[in-house]
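Here's the letter readout for the chains.
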Amino acid sequence: MSAKEIAGRVDALGKRITLDYQNKPLILIGILKGAFIFLADLIRAIDLPISVDFMALSSYGNSTKSSGVVRIIKDLDYSLEGHHVLVVEDIVDTGLTLNYIYGHIKSRGALSVKICSLLDKSGRRQVAVPLHYKGFEIPDEFVVGYGLDVDEKYRNLPNICKLVRAIDE
Ligand code: 5GP
């Protein structure tokens, strides 16, 4: 996906969110680290007085396979009471991470909790998670760029690219 395609889709998502949350106090929760670039672009496409918070979770470590183990490294700074929440994620793969986050955030007293993910690998889902806003559906391929990494590399690529492995790996 080119930077231009991503920008167009993020803009459309921002416009829809703007319409859906008129006169509703909204907090966007970015899931670190992968969602930081998406969140930064998305909030600038939302024309509402929003707040932003972050959660950090253990992810793939240095591998490209899901461990299924989810651990909170950084929890929310603010109470969610009296606010609508939109969780902003980079990619939903097995769904294990978001399933955990969704339950965790729902127990914090928000008025509503919805999920926005830039990418969706729905073919790999192990647990069902409600994806209210979605950027792109992608096949079962490991991708990097626009915030997504492999071993902390490639987050700064402006495009989203398929990771091609060397033959001896
Ligand atoms: P899940 O718990 O849904 O299996 O995995 C979600 C997390 O796995 C994402 O937030 C992301 O950190 C990582 N992940 C899943 N697929 C990919 C991918 O294709 N590329 C990268 N860089 N990370 C991925």
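Residues numbered from 1 in each chain as written. Predicted model: local features only at pLDDT ≥ 70, side-chain atom pairs only at ≥ 80, totals over all residues. Heavy atoms only, no water.

Engineer: Looking at this structure, I do not really get the packing of aromatic side chains. What am I missing?
Structural biologist: The geometry of an aromatic ring pair is captured by the separation of the ring centres together with the interplanar angle, meaning the angle of the planes. What the rule picks out here adds up to zero aromatic pairs. Seen from the ring of Y21, K24 lies directly overhead, with NZ or CZ sitting 5.9 Å from the centre. (Phe/Tyr/Trp six-rings, centres within 6.5 Å; stacked < 30°, edge-to-face > 60°. Lys NZ or Arg CZ within 6 Å of the ring centre and 35° of its normal.)

Engineer: Quick question: what am I supposed to make of the side chain of H104 here?
Structural biologist: Within the secondary structure, H104 is located in helix α3 (residues 96-106). A relative accessible area of 16% places H104 in the buried class. Of note is the side chain of H104, whose polar atom sits 3.2 Å from the side chain of D75. (Helix = DSSP H or I, 4+ residues; strand = E, 2+ residues; numbered from the N terminus. Buried < 20%, exposed > 50% of the residue type's maximum accessible area, 1.4 Å probe, protein only. Polar contact = N/O pair within 3.5 Å; in protein donor to acceptor, adjacent residues only side chain to side chain.)

Engineer: Can you walk me through the pattern of salt bridges in this structure?
Structural biologist: Pairing between side chains of opposite charge can happen when their charged atoms approach one another. If you walk through the whole model with that rule in mind, you get 14 salt bridges. Of the charged contacts, one joins R124 and D140 as a salt bridge, the two residues approaching to 3.8 Å between their closest N and O atoms. Note that R124 is positioned in the loop between β5 (112-120) and β6 (133-137) and D140 in the loop between β6 and β7 (143-144), a separation of 16 residues in sequence. On the accessibility criterion, R124 (30% relative accessible area) is partly exposed. Note on D140: relative accessible area 55%, which makes it exposed. A network of salt bridges, in which partner residues are shared, links K33, D149, E152 and R155. (Salt bridge = Lys/Arg side-chain N within 4 Å of Asp/Glu carboxyl O.)

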